[in-house]
Amino acid sequence: MAGVPLLARRLWRWSAIALACWTVEGLTYTLQFHFLHESAGEPVTWGYALSISLTNALLWVPFTVAAFWLVERFPVERGRWHVAVGVHLVTACVVVLLRAIVVVWLDPWVGWYAETPTVERVLATRFQENLVLYLMLVGVAHALHYAQAVRMRDAQLARAQLQALTAQMRPHFLFNTLNTAASLMHENVVAAERVLAQLGELLRRSLAAGDTPEVSLRGELEFLRLYLEIEQARFEDHLSVQWHLDPSALDVAVPHLILQPLVENALRHGIAPRATSGTVTVTARLAGDWLQVDVHDDGVGIDAAPPHRRGAGMGLATTRARLSHLYGPRHRFTVRGAPAGGTIATLVIPARRAAARL
């Protein structure tokens, strides 16, 4: 029964579209019919022109809906095309016959003919025209069916690729965090236990988000704070973090796990090589219809960093790929040297309200 509401919605949609299109066709033919008779010296009233033209067009509404429904059930596809072609050809003949019967039945009230014809006469004069018209409707229905199928496949492929990219990020993040805990085991067991507990909370939040491509910036920052607490255990006084957050930006949707690799990159390739302590600054603000997030470190700088620090590593490459899947050309992601030293990673995406929060 789960498919019944969907089928009902489709039938209503097809009926509304068919009614609208055939009404326009009927009104258009009303004008043509009236002016053709006027120019031929056989004037007719607008009421008569409207009656025969609009009724003729609206008779196609149920047959149009039937064509769309049958195409959904029996599309001409590889492996079953002969069955589908047979169904549509038989249906076309039935439609032509039914239309002829309805025309004969309605003619006394509508007045298509000076004298009501027989069904055989209507079939003889209109069979080919009505057959071709119905098959054209079947063709249009197939075009829409195939277009919808292509859109669904593209959407499924994009979701699968995005999920694969997100899954690629999680082992990378997990591996680096476990390394941090392992390095502490020989120095500070209590700190190592705390890191593992915080890692468990991070994994719980990550699993809670599931395959959701976007979360609120607020939720993403909460996740990032937990990650930085883990890193703080390793860096100790060597690291300080500053937050400059526009409150109006906190409910904007951002890709899940999009900021963690940027901060990780700043820590491992900017702050860690320094002999003295360093600072990572996370800034988020709205700029019109755009959200801009900057991750700035005052580390060794991009020129002194290895190639993956300059944007070629797995973390940043995966980030670029995820952004392209989610936003296409409607985003900007750069990693550049800061004027006062260090490196700035800048992310600019459309400012959309998050549907759900992490």
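What counts, and at which threshold
Residues numbered from 1 in each chain as written. Predicted model: local features only at pLDDT ≥ 70, side-chain atom pairs only at ≥ 80, totals over all residues. Heavy atoms only, no water. Helix = DSSP H or I, 4+ residues; strand = E, 2+ residues; numbered from the N terminus. Buried < 20%, exposed > 50% of the residue type's maximum accessible area, 1.4 Å probe, protein only. Contact = heavy atoms within 4.5 Å. Areas by Shrake-Rupley, 256 points an atom, 1.4 Å probe, with all protein chains shown as cover. Patch = residues over 30% accessible without salt bridge, like charges linked within 9 Å, V, L, I, M, F, W, Y side chains within 5 Å. Salt bridge = Lys/Arg side-chain N within 4 Å of Asp/Glu carboxyl O. Pairing = 2+ DSSP bridges. pLDDT = per-residue confidence, 0-100. Expected span 1.5 Å × (residues − 1). Core = buried A, V, L, I, M, F, W, Y, C linked by side-chain atoms within 4.5 Å.

**Student:** What is the right way to read the overall build of the protein from this model?
**Tutor:** Summing up its helical and strand segments, the protein has nine helices and seven strands in all. Going through the 358 residues of the protein one by one, you find that 41% of them count as buried. Put simply, 73% of the contacts in the protein that link residues at least 6 apart link residues at least 24 apart. Total accessible area computed for the protein in this model is approximately 19,000 Å², and 63% of it derives from carbon and sulfur atoms.

**Student:** Before we go on, may I ask you to explain the environment of V71 in this structure?
**Tutor:** Relative to the assigned elements, V71 resides in helix α3 (residues 60-73). Along the backbone, V71 and H142 are 71 residues apart, and their C-alpha atoms lie at a distance of 6.3 Å. Among residues more than four places away in sequence, those in contact with V71 are H88, V138, A141, H142 and H145.

**Student:** In this structure, what is going on with a nonpolar patch on the surface? I would like to understand it.
**Tutor:** A cluster of nonpolar side chains, contributed by V90, V94, L97, L98 and I101, occupies part of the molecular surface with about 400 Å² of accessible area. Assignment of secondary structure puts I101 in helix α4 (residues 81-110).

**Student:** Would you take a moment to explain the pairing of strand β4 (residues 278-287) for this structure?
**Tutor:** Every regular strand shows the same layout, with side chains that alternate between the two sheet faces. In terms of strand pairing, strand β2 (residues 239-245) meets β4 through seven bridges, oriented parallel. When the bridges of β4 are listed, Q242 appears paired with T281. The pairing of β4 with strand β5 (residues 290-297) spans eight bridges and is antiparallel. From the neighbouring strand, A287 faces β5, where its bridge partner is W290. In this structure, the hairpin formed by β4 and β5 is closed by a connection of two residues, where G288 is found at a positive phi of approximately 70 degrees.

**Student:** Just to check I follow, could you spell out the confidence of the model for the protein for this structure?
**Tutor:** In low-pLDDT segments, the atomic positions of the prediction should not be examined closely. Of the residues in the protein, 85% reach a pLDDT of 70 or more, and the chain-wide mean stands at 82. Mean pLDDT per element in the protein: helix α5 (residues 119-185) is the minimum at 75, and β5 is the maximum at 95.

**Student:** Any chance you could explain α3 here in plain terms?
**Tutor:** Every α-helical turn comprises 3.6 residues, leaving residues that sit three or four positions apart pointing alike. End to end, α3 covers 20 Å across 14 residues, agreeing with the expected 20 Å (1.5 Å per residue, within 8%). Buried within α3 are the following residues: W60, V61, F63, T64, V65, A67, F68, L70 and V71.

**Student:** Sorry, what's going on with the nonpolar core here?
**Tutor:** Generally speaking, nonpolar side chains in soluble globular proteins are found buried as a group. Of all hydrophobic cores here, the largest spans 46 residues; its most connected members are L217, L224, L259, L267, V280 and L291. For V280, the contacting residues outside a window of four places in its chain are L239, S240, V241, Q242, A266, L267, I271, V295, H296 and D297. Listed in part, the 20 residues of the second largest apolar core include A18, F63, L70 and L137.

**Student:** How should I be thinking about the pattern of salt bridges in this particular structure?
**Tutor:** Pairs can form between side chains of opposite charge once their charged atoms are near each other. Taken as a whole, this structure holds eight salt bridges when the rule is applied. For D251, the salt bridge identified is with R218, shortest N-O distance 3.1 Å. Of this pair, D251 sits in the loop between β2 and β3 (253-255) while R218 sits in helix α7 (residues 217-235); the two residues are 33 residues apart in sequence, bridging distant segments of the chain. A relative accessible area of 17% places D251 in the buried class. Relative accessible area serves as the criterion here: at 28%, R218 is assigned to the partly exposed category.

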